[in-house]
Amino acid sequence: MSQPLKPTISTDNRGRFLGVLAKQTEAPPPIWLMRQAGRYLPEYREVRTKAGGFLNLCYTPALAAEVTLQPIRRFGFDAAILFSDILVVPDALGQGLRFAEGEGPILDPIFDVTDLKRLDPKSTASVFERVFETVTRVRQDLPKETALIGFCGAPWTVATYMVGGRGSSDQAAARVWAYNDPHGFNQLIDLLVEVSIAYLDGQVRAGADALQIFDTWAGCLPDDQFEVWVILPTKRIVAELKQRHPQVPIIGFPRGVGATAGWYLQETKVEGLGCDTAMSLVLMRELAGIGAVVQGNLDPLLLLAGGTHMEIRVKQILDAMNTVPFIFNLGHGIVPETPPENVARLVALVRGEGV
Ligand code: CP3
């Protein structure tokens, strides 16, 4: 916990990160990584054990703030991301959530519209307060030159876990409910839009400089469903946040949508587009051409593998993106087996330091 801060933090990383989100081009580009706080770091594993589990860690502001700061101390990323989880929202609504070792999240599934009575938006306030306190603490302890990103899950992705009770390869349970009873399913989405707005608003008031909306399961829908369950709810959240906090940029991460990302961008009005691993650099440049700030998209498994192949690909990405507003990131979260040395190497490569 007493590791010195990396000297690179003395540059205005926060200004560079927010500058890119305001459509400036920066060379080298700012860098942060999805799941930058997590099990690949021994210091994270230590704090998680002390907390007695993942959810306790999320709900103990001193410890959640500590793990948010760990990757900043080690690697000097341009931005920290609040340590929490997208499933804190259903937990706060009163749907039981637990994280079983090696199994991921497990929730008591919502089967139909009558189950929505189990959810109480009023119960979210006390849970959200703990997350907002984490943001306040992080902002106090974070170097002022480092940006802080708040986040939530998009209503569609959060709903898939609430209905399925866990992750699956196709999130079929939510998709089938949405087909069978669109009005009932829409009540769940409406509820998630409302609480997500309150959740993001509180994070901004507590000190978040930018926001990311994670839509991990956006790519499993045909376009008519995509419009109703991904685009429209996201658009409502973004519009309301823009009204309340016009200065706070928002990054959308609609994973797996391919070329449909252009439609998502134009409709939702997010400034930033988080690009997944499978999105081509050619398409990313095209999307930058229609005004998006693109973020991504190194394969997390290449970060795990490291070596020359990683170096070549990092250079390809940097070369393809050096004339557009771009934030370096992965195409999905860091996997737990990733050697921390590879992350340090990646940061040095992106910054052109000692390579
Ligand atoms: O990026 C960060 O460092 C910030 C914190 C963060 C976590 N999860 C911490 C976490 C963020 C932004 C998330 C987002 C999240 N959570 C998403 C969207 C992005 C994505 O990865 O697709 C989703 C779908 C979830 C739900 C979730 N949480 C799953 C499916 C899992 C289990 C998978 C796994 O890696 O174990 C989690 C657990 C989780 N969330 C961990 C962390 C660090 C691992 C928990 C642990 O320490 O055991």
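Small disclaimer: the values here were computed from a predicted structure and weren't measured. (Residues numbered from 1 in each chain as written. Predicted model: local features only at pLDDT ≥ 70, side-chain atom pairs only at ≥ 80, totals over all residues. Heavy atoms only, no water.)

A. Structural view of the pairing of strand 6 (residues 250–254). Most of strand 6 sits out of view: 5 of its 5 residues are buried. Every second residue of strand 6 is oriented toward a common face, with Ile 250, Gly 252 and Pro 254 on one face and Ile 251 and Phe 253 on the other, all of them buried. Bridging between strand 5 (residues 210–215) and strand 6 involves 5 bridges; their strand directions are parallel. Counterpart to Gln 212 in the pairing with strand 6 is Ile 251. Between the parallel pair strand 5 and strand 6, the chain is carried across by helix 10 (residues 223–244), and the sense of this crossover is right-handed. In terms of strand pairing, strand 6 meets strand 7 (residues 272–274) through 2 bridges, oriented parallel. (Buried < 20%, exposed > 50% of the residue type's maximum accessible area, 1.4 Å probe, protein only. Helix = DSSP H or I, 4+ residues; strand = E, 2+ residues; numbered from the N terminus. Pairing = 2+ DSSP bridges. Right-handed = clockwise from strand over helix to strand, strands pointing away.)

B. The arrangement of the packing of helix 12 (residues 281–289) against helix 14 (residues 307–321) in detail. Between helix 12 and helix 14, the shortest axis-to-axis distance is 10 Å and the interhelical angle comes to 25 degrees. Comparing their axes, helix 14 and helix 12 come out roughly parallel. The handedness of the crossing between helix 12 and helix 14 is right-handed. Contacts from Leu 281, Met 284 and Arg 285 in helix 12 reach Arg 313, Gln 316, Ile 317, Ala 320 and Met 321 in helix 14. (Axes fitted to C-alpha atoms, helices over the stretch in contact; angles between N-to-C directions. Parallel < 35°, antiparallel > 145°, perpendicular 65-115°, else oblique. Left-handed = near helix turned anticlockwise from the far one by under 90°. Contact = heavy atoms within 4.5 Å.)

C. The arrangement of the packing of aromatic side chains in detail. Under the definition given, this model contains 14 aromatic pairs. Their ring planes at 45 degrees and their centres at 5.7 Å tell us that Phe 226 and Trp 263 sit as a pair that is tilted. In this pair, Phe 226 is assigned in helix 10 and Trp 263 in helix 11 (residues 261–268), connecting sequence segments 37 residues apart. We classify Phe 226 as buried; its relative accessible area is 2%. Taken together through their ring pairs, the aromatic side chains of Tyr 44, Phe 54, Phe 83 and Phe 99 make up a single cluster. We note Arg 255 situated over the ring of Trp 217; from NZ or CZ to the ring centre the distance is 5.5 Å. (Phe/Tyr/Trp six-rings, centres within 6.5 Å; stacked < 30°, edge-to-face > 60°. Lys NZ or Arg CZ within 6 Å of the ring centre and 35° of its normal.)

D. Summary view of the pattern of salt bridges. Per the stated rule, a full pass over the model turns up 21 salt bridges. Its salt-bridge partner being Asp 78, residue Arg 351 comes within 2.8 Å of it at the nearest N-O pair. With Arg 351 in helix 15 (residues 340–351) and Asp 78 in the loop between helix 4 (61–75) and strand 1 (79–81), this pair connects stretches of sequence that are 273 residues apart. Considered together, Arg 351 and Asp 78 belong to a single accessibility category, that of buried residues. The shortest N-O distance in the salt bridge between Lys 235 and Glu 267 comes to 2.9 Å. Here Glu 267 lies in helix 11 and Lys 235 lies in helix 10, a separation of 32 residues in the sequence. (Salt bridge = Lys/Arg side-chain N within 4 Å of Asp/Glu carboxyl O.)

E. Molecular detail of the layout of surface pockets. By volume, the largest pocket amounts to about 1,300 Å³. In terms of lining, the largest pocket is formed by 40 residues, of which the most central are Arg 35, Arg 39, Phe 54, Asp 85 and Phe 99. Mapped by element, the contributors of at least two residues to the lining of the largest pocket are helix 2 (42–51), helix 3 (54–59), strand 2 (97–100) and strand 3 (104–107). For the lining of the largest pocket, the class distribution of residues is 22 nonpolar, 11 polar and 7 charged. (1 Å grid on protein atoms, 1.4 Å probe; cavity = no way out; pocket = protein on both sides within 12 Å on 5 of 7 lines; lining within 4 Å. Points joined across faces, edges and corners; volume = space filled by probe spheres on them. Nonpolar A, V, L, I, M, F, W, Y, C, P; charged D, E, K, R; others polar.)

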